[in-house]
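Tertiary structure, described
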Amino acid sequence: MIVFDPFWETMKQKGISTYTPINKYNISSSTTIHRLRHNLGVTTQLLDNLCRIFDCEIEDIVKYEK
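Since we're looking at a predicted model, the values are computed, not measured. (Residues numbered from 1 in each chain as written. Predicted model: local features only at pLDDT ≥ 70, side-chain atom pairs only at ≥ 80, totals over all residues. Heavy atoms only, no water.)

This brings us to the nonpolar core. As a rule of thumb, soluble globular proteins bury nonpolar side chains together. Within the largest apolar cluster, 15 residues are counted, with the highest numbers of intra-cluster contacts made by Phe4, Phe7, Leu36, Leu50, Phe54 and Ile61. The set of elements that each furnish at least two residues to this core consists of helix H1 (5-14), helix H3 (29-37) and helix H4 (44-54). In contact with phenylalanine 4, other than residues within four places in its own chain, are Arg35, Leu36, Asn39, Leu40, Val42, Leu47, Ile61 and Val62. (Core = buried A, V, L, I, M, F, W, Y, C linked by side-chain atoms within 4.5 Å. Buried < 20%, exposed > 50% of the residue type's maximum accessible area, 1.4 Å probe, protein only. Helix = DSSP H or I, 4+ residues; strand = E, 2+ residues; numbered from the N terminus. Contact = heavy atoms within 4.5 Å.)

With that settled, consider the pattern of salt bridges. Under the definition given, this model contains one salt bridge. Glutamate 65 is the salt-bridge partner of lysine 63, the closest N and O atoms lying 3.3 Å from each other. Residue classification places glutamate 65 among the partly exposed positions, given a relative accessible area of 31%. (Salt bridge = Lys/Arg side-chain N within 4 Å of Asp/Glu carboxyl O.)

Take H1 next. The set of residues buried in H1 consists of Pro6, Phe7, Thr10 and Met11. Angular distribution of buried residues about the axis of H1 spans 140°; they occupy a single face of the element. Away from the buried face of H1 by more than 90 degrees, exposed residues Lys12 and Gln13 are located. Close packing links the buried residues of H1 with strand E1 (2-3), helix H2 (19-24), H3, H4 and strand E2 (63-64). Immediately downstream of H1, the backbone of glycine 15 shows phi near 70°, a positive value. (Arc of directions from axis to C-beta.)

In structure tokens form, the structure reads like this:
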């Protein structure tokens, strides 16, 4: 299962709230943030955008758990 726990930890470490991606980068709060919070599927394009926005590696956003 793909989980987004590292994403929330990365945001915390960088001192970023969900306000920033929603308002500064137009990431939809109603769909995208919801999907990330509930470990639902997202596109690789979104993962690419998050890596660029947060200047991080993919493993700072997602991890695989058996």
